[in-house]
Every structure is written in C-alpha cells, then in structure tokens.
Amino acid sequence: MRLYELITFTLRVRTPAAALARLESTLAEALPGCTLVGCWVSEIGPLNQIAVLRGFTDETARQAERERYLLARDAFGIEELMLDMKVENYSLFPFLEPLAPGAHGPFYELREYNLIPSGLTPTLDGWKKAVGPRTAEGYSQVCAAFYATDGRTPRYLHIWPYATLEQRLDVRTRAVEDGVWPPENSGPQLREMHSTVYLPAKFSPLQ
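Residues numbered from 1 in each chain as written. Predicted model: local features only at pLDDT ≥ 70, side-chain atom pairs only at ≥ 80, totals over all residues. Heavy atoms only, no water.

Undergrad: Just checking my understanding: could you explain the overall build of the protein chain for this structure?
TA: Helix and strand content of the protein chain: 4 helices and 8 strands. Secondary structure elements of the protein chain occur, N-terminal to C-terminal, as β-α-β-β-α-β-β-α-β-β-α-β. For the protein chain, whose C-alpha radius of gyration is 17 Å, the value lies close to the compact-globule estimate of 17 Å for 207 residues. Reported as C-alpha extents along the three principal axes, the dimensions of the protein chain are approximately 50 × 35 × 30 Å. Each of the 207 residues in the protein chain was classed as buried or not, and the buried ones make up 47%. Restricting the contact set of the protein chain to residue pairs at least 6 apart, pairs at least 24 apart contribute 81%. For the protein chain, the accessible area works out to roughly 10,100 Å², and carbon and sulfur atoms hold 54% of it. The averaged location of the 25 negative side-chain charges in the protein chain is 2 Å from the averaged location of its 21 positive side-chain charges. (Helix = DSSP H or I, 4+ residues; strand = E, 2+ residues; numbered from the N terminus. Rg over C-alpha atoms; globule rule 2.2 N^0.38 Å. Buried < 20%, exposed > 50% of the residue type's maximum accessible area, 1.4 Å probe, protein only. Contact = heavy atoms within 4.5 Å. Areas by Shrake-Rupley, 256 points an atom, 1.4 Å probe, with all protein chains shown as cover. Lys, Arg positive; Asp, Glu negative; His and termini not counted. Charge placed at Lys NZ, Arg CZ, Asp CG, Glu CD.)

Pasting the structure below:
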C-alpha cells in the first residue's frame, strides 16, 4: 500500500478509554480496500487525542471510505465524546515500506514537519540517503514516513517506534552527535515541527 489516511480525534477529558472501546468495534468492520495500520492514544504532547492510521489499495477505496463516514451519522461511534476530528491524506515515501504488524513500541512518536513550498523533493532526496544507514547502524527503524497530498501546506509525517522513552532520547542524541541524522539538506526546507508520543491501543496492529 502507498496511500494512507490519518485521522486524529480530539476527545473530551476522561473519555479516551471509552472512545477506544468503541473504536475497537467500529474499526474492526471490514471495508473494501481499507486496512487498519495503527491506533494510538496520546501520552506526551497534545493530550486526549487518538490517532488512527489506515492504508488503502487505491484512491477509489480511500475516497469511498471518506464519503462513507462523512455522510454517516456517528460513523465511528464516538461523536458524543469528540471535540474535533482532523483527517489528512498521505502517500508513503517511494523508497520505504512500512513496518509489518507486531510489537515495535510501545512508544510511537509521530512527527509532522511543515515545509516551504518547494521543500518536498530535497527532503525526499535527503531521506533516501540517510534512512538506510540510520537503520543499518542500529539507531532506530522508521515505522513509516509519508508526504501529505491534501490541500494544506506541504508537509510530511514520520513515525518512530521505541521500546522506552530512554531509548528514544539515547537514539536521538547519538544520531545527531554521530552525524547520521537529520537527513542532508532537510533543515532549510522546514517551517514548523510538531511531535506527539503515543501508546498503542490493545487492538492496534502496531504494538
């Protein structure tokens, strides 16, 4: 799969657990061309958020699912618990494959970087050179990286799994000190950066 959708639900205080219980049921429903990749609840960063990442076989399947839930009444079963719902379209970086389902976390960091208008191609070039050595040399493996294809500013999303928060700090420090990361020429392309650390729901394919 190369096409993805990230839905971020912002929930009322003290409701994420109830929302996850309902989402477990609604997200388990079989939908043509749609696969649940991950479901996480925020732990560090904006709180009371649930992120749902799904992959699609083609654009027709993605658009059909978008229209299904936009036209439905409470398609995810959590409308009374929600304060906001943000939907974003992404394409996988062409030289990457997402991690297979399984235990890779349990801490998942989702980082969104807003770019200058012409910043995507240099970013992809830098990542293509850097991500292989970072993985091969044992720093950490990227869960997936995507560039946005919706109407907002050019941006990309990358997801990193860590066994502990201490491992995250160690990897980030060593990668920068050793010159392995950030990717070549990535800095000049950046306008704004956001990061949230999530924990997987018990039913998430990525744990």
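Let us keep going from here.
Undergrad: So what exactly am I meant to see when it comes to the UniProt feature "domain: NIPSNAP" (unreviewed entry) in the protein chain here?
TA: Here the UniProt feature "domain: NIPSNAP" (unreviewed entry) sits at residues 4-70 and 108-205. Helix makes up 34% of residues 4-70 and strand 40%. Its end C-alpha atoms lie 17 Å apart. (UniProt positions renumbered as here; feature names shortened; annotations may be inferred.)

Undergrad: Can you walk me through the sheet that holds strand β6 (residues 144-148) in this structure?
TA: Backbone hydrogen bonds are what pair the strands of a sheet, in a parallel or an antiparallel way. The strand order β1-β3-β2-β8-β5-β7-β6-β4 describes a closed barrel built from 8 strands, whose pairing is antiparallel. If you compare each strand with its neighbour and ignore which way they point, the axes differ by 35° on average. Judged from the 4 bridges that link them, strand β2 (residues 34-44) and strand β8 (residues 190-200) form a sheet pairing that is antiparallel. In the strand pairing of β8, valine 41 is matched with leucine 199. Where helix α3 (residues 120-136) meets the sheet, its contacts fall on β5 (107-115), β6 and β7 (155-162), and the angle it forms with β7 comes to roughly 15°. (Pairing = 2+ DSSP bridges. Axes fitted to C-alpha atoms, helices over the stretch in contact; angles between N-to-C directions.)

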